[in-house]
Each structure stands twice: as structure tokens, then as C-alpha cells.
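Topology and contacts: notes
Next come the chains, spelled out residue by residue.
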Amino acid sequence: MNSKAIIETTGLTKNYDHQTVVDHLSFRIMEGEVFGFLGPNGAGKTTTLLMLLGLSEPSEGSVSVCGLDPLRNPKEVKRIVGYLPENVGFYGDMDALQSLEYVADLNGMQRKEAREKGLEALRVVGLTEDVYRQQVGTFSRGMKQRLGIAEVLVKDPKVLFLDEPTLGLDPDGALRLIELIRSLNRDRNMTVLLSSHDLFQVQKISDRVGIMIRGHMVAENSIEALARDKFGVGDEKYTLEEIYMKYFRED
Amino acid sequence: MQGLIAIYRKELADHFSSYRFVILFALIAMVSFITSYMAGVSLKENLEGVAKPKFVFLMLFNTNVALFSMVQFVSFFGPLIGLVLGFDAINRERSDGTLVKLISQPIFRDAVINGKFLAGVTTITIMLVSIVLVISGFGLALLGIVPGIEEIWRLAVYVLISIFYISFWMGVAILFSILFRGIATSALASVALWIFLSFFVSMGAGVLANGMAPLDGVQGSKRENIIRHARIKEIVTLFTPMALYSQASATIVDPTLNTTSILAFYRMGPMEKLSASRFQNPLPLGQSMVVVFPHLVALIAITLLCFAVSYLVFILQEIRT
């Protein structure tokens, strides 16, 4: 991780139907870090991710991703950011490799390159060769999540936005997925913005966390610093869950 | 452009491999072949020992031997193809969670709707051209008459009009798939609009004409009243794409039709009718085009308008997961 901010928001605000979902949000994510993005349901995390990608227009404020404005340069931003939505969908009649080739096609890759990238992504996420030609509609939840990450990896992104990637996975599946995310961050220096309710897993891999409640970022720091701030000691004595609940109850 | 081509290719493959499209296409192709075959057999019998008249080949498409001709059948059931191609274009992507995945790729958002619309139009084009070509082949074998250049041009214009007509209905279905989140809702809304515009408007036109210019028990000039009645009915009916298409395609495929309006008949006096009957030669294609030009412009305009509204609504819609 270095000290260069790769994502920066200033006064980011989003109103839906006269309701403020994201309220003057300002935070920074450094290059190569894993940033845990926490908050209760409806806190505005997904809306923030959509604004970072340029898929939703902010009502106020500004966003910068790798120095680019997602609204002015949507294609460039989407080329360097891989996004795994909370309920990622697939075309059930396609097989795993076809799904990846389609994503590669959307990214402007030629057929041969698309095949190579697809196979490599499938290997990285740990899907075995016997499922490459299996229809995605028959995949388990865990396999679909892995395939979702493989689709994100096809375009070789610099930044990963993962929205609840462990949702619905069994403990073993969640653990393996978290290890995969950690290895992508470590081996490929990918910056990861991880939105999750699985605080135990987030604590294991996050360099810093941000806690968002009712559209506000109420805390943003390393887990150790947050523990010190709330309990006066380092994070060895307190879990992220306890720290999070402390902020949640106080707000 | 890269996203547009990728989505176009996928959508095209989806259309041709979907059961619902294959079934509907098979139904329309089958009925078209049967009606054209019956028309061909009937024409062959009637033409025996008769000097070869002009434009026999076109009669394969517009001769009403069975319940309806091929042209009438397409005007009635063609919209179903359009509706089937578009009713779940966007809302299925949304409900399956693939829409966000698509637009988070480095493509512009309009590539999604453009790709879907273009793939639909291509599917309609391939379908119509193949049906017309197969029927033409039938005709060649059955009648032993080679179509003239003008007949081929007329068929090409007919196919073009049909493409716009069915594309309009596909545009309506795509618009509803953007407006309604439920797939069943968008399907029902599309079918309801089709039924309303195809049946109820013409019924309503009659009722309105009866109300505004009743034909029975009216004092004064009966001829003027009939013309007024017919004019009201015709104006209201022209608000339906089916009427626009039926009149345009019938005039193009049947060169002896020199007007789309029945008013011309009412307006003529007895001597004018007698005089006009002496000049019943078929119109050249250029003249037929002039006759149906307003219909063509209206069909193209409503198709483009429908697509433009779909495009705008889709682009301006908030994306929420």
C-alpha cells in the first residue's frame, strides 16, 4: 500500500425522491489497500459504489477514481474498476467460459485473448476445469460468486468494488473467497473496496475501514485506531464487531 | 461501438435460439406458406388457357383464397413477433441482476438498448425476407411464372414496410419493459395496447362516426352525410398502426389499387365513376409509393418515436441494485 489516493470523494451527496441517501460523504482510499466499507442496510453503501462507478449521478459533490471523474469519463473508469454487485446475475444458458468471453467481448478483447483471459480468471478463482463448460444456471451460490469475481478479473482491473461478496456463502466458502481477495490485493496490488456485513472476515483483510450510517461516514481509519478511539486500547482486545456496534449505538 | 456489437451478437443469438421465437416464427411461416400455396393453386387453375396477366406473382401474397392472404396475416399477427422480441428486453436483465453487470463494463449505457433494438430489427428482417423468398420459390415452381423487375421491387418495398411495422411493436414492447419492472406486467401491457389499437380503435371509429354523422334518419343531403361519416371513420382508424400498415402494404402489393381512401369512391358522381372505370390500369411503383407516402412516413415516424422514447427513459432511469 502506498500513500497515493486512488479514490477520493468530496461532499458526495445523493437524493432519491427528496430523501438524502448519501449525505456529504468525503473519504479517500489509498492505492493498494483493502478498505472495509461497513454500515447497516440502507446506509447508502451501494449507492456510493454506484456513484464511484459513474452509474448513478451524484446530487452534489465530486468523485475521483484514479484521477478520473466517473461522470465525465465513464468508460475509462469502468475499464479500470471491476465491480461485483451484491446480487450478481448471470445468463443461465451460458456456460462459465462463455460468460467470461462475453464480458471480455464487452471489454473489447479479441476472441483469442478473451479465451485466454477467461481461462486464466477461472484458474485464479479456483473453479475446476470440469465446470468450465457447465451451464451457469446449475452453479451453486459459492461457484457463482467465484465466477462473478472471475468476470471482474477478466479485464485486469486496478480497483475492485465488492458488494457483499460473501453473502449466502457457507463459512468455508466465505473463508476461501476472502483468501482469494487477499491474494489479489497482495499479488496484483489491487485496491479493494469491500462492502460487507461479515465483520469477522472484513477484520481479517482490511487495512482500514469506513463506517457509514444513514448516509454519513461516522468513522474512517485502521481498526486499531478506531479501537483506540472508542475503547482506549488497540484492536487485540476488541473485535471489529464490537467497535462497529459502539459506533452504531452512539449514532 | 465495441459494447454495441457484443450486445447485438448476443441478443441475435438469444432470439434465434429462444423457443418462443422459434414457435411463433414457425406458426407465421406455416400459415404464410399455406395461404400462399392455396393462392398459387387457385391462380394456376384460373390462369389455365388465359393470356398471362400482369402482376400474377404478387397475387401469391395478396389473393384471399383461404380466410386471409399472407399480407393480411402479417398485418394481424406480425405485431406478436415484435412483442415477443421486446417485452422482457430490459426488465429481465434487471430482475436477473445482469443489467448492472452489463453497464458496469466499459460501454456506454445506450449500447444496451441500441444493441437490443438492432438485434430485434435484424431478426425481423431475416424472418420476413426468408418467408418472402420461400414463398417466391413456391410461386416459381407452382405457377411457372418468373416475377418481373417491378414485382421484385414491390416485394422489397413490402418487406421494408413490414419491417417498420413489426419494429414499431417491438419498440412498444421494449418501452414497456423499461417502464414496468414486472415481466408479466410489460407483456400484458403490450398485448393490451395491441388489442386496443388493432380492434377497439376501429370499433370506436365506427361508433364515433355514427355519433357525429349518423347515416340513418338524417334529413338533407345523404351523399354529404355518407362522406362525412366515412371521413371521420377513416381519420380515427388511421391512428392505428395496423390501418396504416394494411393500407400501405395492400397498395404496394396490389398495383391496381390507386388510392388508400374509400372517400374517393364516395366523392365521385355516376359519370365520374364510369369514366374512372375505363382507366383501371395498374399504377407504376413510383405512383403507388406516392399514394402510400403519408402512411410510410407515419409508420417510420411512430417506430422512431417509440425507440426514441425508450432510449430517453432508459438513459434517464436511475440504476438501483
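Residues numbered from 1 in each chain as written. Chains lettered and ligands numbered in written order. Predicted model: local features only at pLDDT ≥ 70, side-chain atom pairs only at ≥ 80, totals over all residues.

1. Considering the interface of chain B and chain A
Every contact between the two is made by 18 residues of chain B and, on the other side, 22 residues of chain A. Looking at the side of chain B that touches chain A, the elements with two or more residues in it are helix 1 (2-17) and helix 6 (98-103) of chain B. When grouped by side-chain class, the residues that make up the side of chain B that touches chain A number 7 nonpolar, 7 polar and 4 charged. (Contact = placed C-beta atoms within 7 Å. Helix = DSSP H or I, 4+ residues; strand = E, 2+ residues; numbered from the N terminus. Nonpolar A, V, L, I, M, F, W, Y, C, P; charged D, E, K, R; others polar.)

2. Remarks on the pairing of strand 8 (residues 208-213) of chain A
Residue and element names in this part refer to chain A. The buried count for strand 8 comes to 5 of 6 residues, which makes it a mostly enclosed element. Relative to strand 8, strand 3 (residues 34-38) is paired through 4 bridges, and the arrangement is parallel. Along strand 8, the bridge assignment pairs phenylalanine 35 with arginine 208. Of the pairings in the sheet, the one linking strand 8 to strand 9 (residues 216-221) comprises 5 bridges and is antiparallel in character. Pairing of isoleucine 211 across the sheet is with alanine 219, part of strand 9. Here strand 8 folds back onto strand 9 in antiparallel fashion, the turn holding 2 residues, of which arginine 214 has a positive phi close to 45°. (Buried ≥ 20, exposed ≤ 12 C-beta atoms within 10 Å, placed from the backbone. Pairing = 2+ DSSP bridges.)

3. Observations regarding the nonpolar core
Among the nonpolar cores identified, the biggest contains 142 residues, and Ala150 and Phe161 of chain A are the most heavily contacted of them. Counting residues per element, this core draws most heavily on helix 8 (residues 149-179) of chain B, which supplies 16 residues. (Core = buried A, V, L, I, M, F, W, Y, C linked by C-beta atoms within 7 Å.)

4. Things to note about unusual backbone geometry
Leave glycine aside and you will find that most residues have negative phi; peptide bonds, for their part, are mostly trans. All names here are of chain A. Positive phi is not limited to glycine here, since aspartate 17 has a value of about 50°. Mapping aspartate 17 onto the fold places it in the loop between strand 1 (5-16) and strand 2 (19-30). C-beta crowding within 10 Å serves as the criterion here: with 6 such atoms nearby, aspartate 17 is assigned to the exposed category. At glutamate 164, a position not held by glycine, the phi torsion is positive, near 50°. Tracing the backbone shows glutamate 164 in the loop between strand 6 (159-163) and helix 6 (171-188).

5. Focus: the sheet that holds strand 1 of chain A
Residues and elements named next belong to chain A. Judged by pairing direction, the sheet is antiparallel, and its 3 strands sit side by side in the order 2-1-4 without closing on themselves. Two strands bound the open sheet, and with one partner strand each, they are strand 2 and strand 4 (60-65). Neighbour to neighbour, the strand axes of the sheet diverge by 15° on average, direction disregarded. In this sheet, strand 2 lies alongside strand 1 in antiparallel orientation, the contact comprising 8 bridges. Looking across to strand 2, one finds that tyrosine 16 is bridged to glutamine 19. Packing against the sheet, helix 1 (residues 45-53) makes contact with strand 1, strand 2 and strand 4, and its axis sits at approximately 120° to strand 1. (Axes fitted to C-alpha atoms, helices over the stretch in contact; angles between N-to-C directions.)

6. Here's the deal with the packing of helix 8 of chain B against helix 14 (residues 285-316) of chain B
For any two helices packed against each other, one specifies the crossing angle of their axes together with the interaxial distance. Residue and element names in this part refer to chain B. In the contact formed by helix 8 and helix 14, the axes pass within 9 Å of each other and the chain directions differ by 25°. Classified by the interaxial angle, the pair formed by helix 8 and helix 14 is roughly parallel. Helix-helix and strand crossings are classified by hand; for helix 8 and helix 14 the assignment is left-handed. Of the residues that constitute the contact of helix 8 with helix 14, the class distribution is 20 nonpolar, 4 polar and 2 charged. (Parallel < 35°, antiparallel > 145°, perpendicular 65-115°, else oblique. Left-handed = near helix turned anticlockwise from the far one by under 90°.)

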